[in-house]
Every structure is written in structure tokens, then in C-alpha cells.
Amino acid sequence: MKPGNKPGGGIARAKPVGFRFDGATYEAPAGESLAAALLANGIHHLRDGPEDRRPRGAFCYMGLCQECLVEIDGAYVEACRTPISQGLEARRLRYGKAQVK
Ligand code: FES
């Protein structure tokens, strides 16, 4: 069944696929945003604040605040605007550690 509204109510979701965040493996429906998929898996801490180093996480979930930045293939991307695909690998931004370039 294609993702979308189900006849009679509910939401039809795409088939779950595997993705990785900070070395751990999770599952989420293909096409769901990385930020939503992480939230559904209990992950709220997406990056560290650049000044106070405190945990930061998604806020607006629509590409406006940049609170959800993560690293994918060396680029900083908004997790809320990144669709999940099989094998996607993302990392938390850790300021003050070697991980941030
Ligand atoms: S949560 Fe605001 S830009 Fe992603």
C-alpha cells in the first residue's frame, strides 16, 4: 500500500528500512524525515549547542530553525528535511570534539 491516508482512517506508512545514527541502527518507514524517525526511536539529542555544548534537538520540524543539524557524508543537513532511505548514515554534531570539521 502506498503511504498516505487509509480508507476508513489511519495512516498507511511505507515499509520500514534500516538507518544508522551515531553508529547505532534504527528502523523507520522509508521517506519519513530523519528527525521524526529519531524522535520515534527516542532520540532527542541531535547536536550540541556551539557555545554552551548542551544537547539540542529538533524544534520546528519544518526547516526553519536549524536546531536539527546532523552530519551526513561530511555535510551538515537538516534532519527534518532529510528523508529516511535504506542505509542512511548520520552523525550527531559534537562541538569541541574531533567529529566536527
Ligand atoms: S527542526 Fe527546525 S530546521 Fe529542522
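Just above sits the structure.
Residues numbered from 1 in each chain as written. Predicted model: local features only at pLDDT ≥ 70, side-chain atom pairs only at ≥ 80, totals over all residues. Heavy atoms only, no water.

Draft legend 1. Structural detail: the sheet that holds strand β3 (residues 16-21). The sheet built from 3 strands is open, its strands ordered β4-β3-β9 with mixed pairing. Every other strand in the sheet has two partners, leaving β4 (24-29) and β9 (89-90) as the edge strands with one partner each. (Pairing = 2+ DSSP bridges. Helix = DSSP H or I, 4+ residues; strand = E, 2+ residues; numbered from the N terminus.)

Draft legend 2. Fine view of the pairing of β4. Note that β3 and β4 share 6 bridges and pair antiparallel. The residue of β4 that forms the bridge with F19 is Y26. Once β3 ends, the chain turns through 2 residues before running back antiparallel as β4, passing D22 with a positive phi of about 50°.

Draft legend 3. Examining the pattern of salt bridges more closely. This model, assessed by the stated rule, comprises 8 salt bridges. Notably, a salt bridge pairs R47 with E67, separated by 2.9 Å at the nearest N-O pair. On the criterion of sequence distance, the pair formed by R47 in strand β5 (residues 47-48) and E67 in the loop between β6 (55-56) and β7 (69-72) is long-range, its members being 20 residues apart. What makes R47 buried here is its relative accessible area of 8%. For E67, a relative accessible area of 17% translates into the label buried. Several salt bridges share partner residues, and in doing so they unite R47, R56 and E67 into one network. (Salt bridge = Lys/Arg side-chain N within 4 Å of Asp/Glu carboxyl O. Buried < 20%, exposed > 50% of the residue type's maximum accessible area, 1.4 Å probe, protein only.)

Draft legend 4. Expanded view of the packing of aromatic side chains. Per the counting criterion, the structure on display carries 1 aromatic pair. Measuring from centroid to centroid gives 5.7 Å for F19 and Y26, while their planes differ by 35°, and the two rings are tilted. Neither F19 nor Y26 differs from the other in exposure class; each is buried. (Phe/Tyr/Trp six-rings, centres within 6.5 Å; stacked < 30°, edge-to-face > 60°.)

Draft legend 5. Representation of unusual backbone geometry. Backbone geometry at D22 places phi at a positive 50°, although glycine is not the residue there. Position of D22 among the secondary structure elements: in the loop between β3 and β4. The phi dihedral of D73 falls on the positive side, at around 55°, and the residue is not glycine. As for its position among the elements, D73 is in the loop between β7 and β8 (75-78).

Bear in mind that shape data such as this cannot, by itself, settle questions of function.
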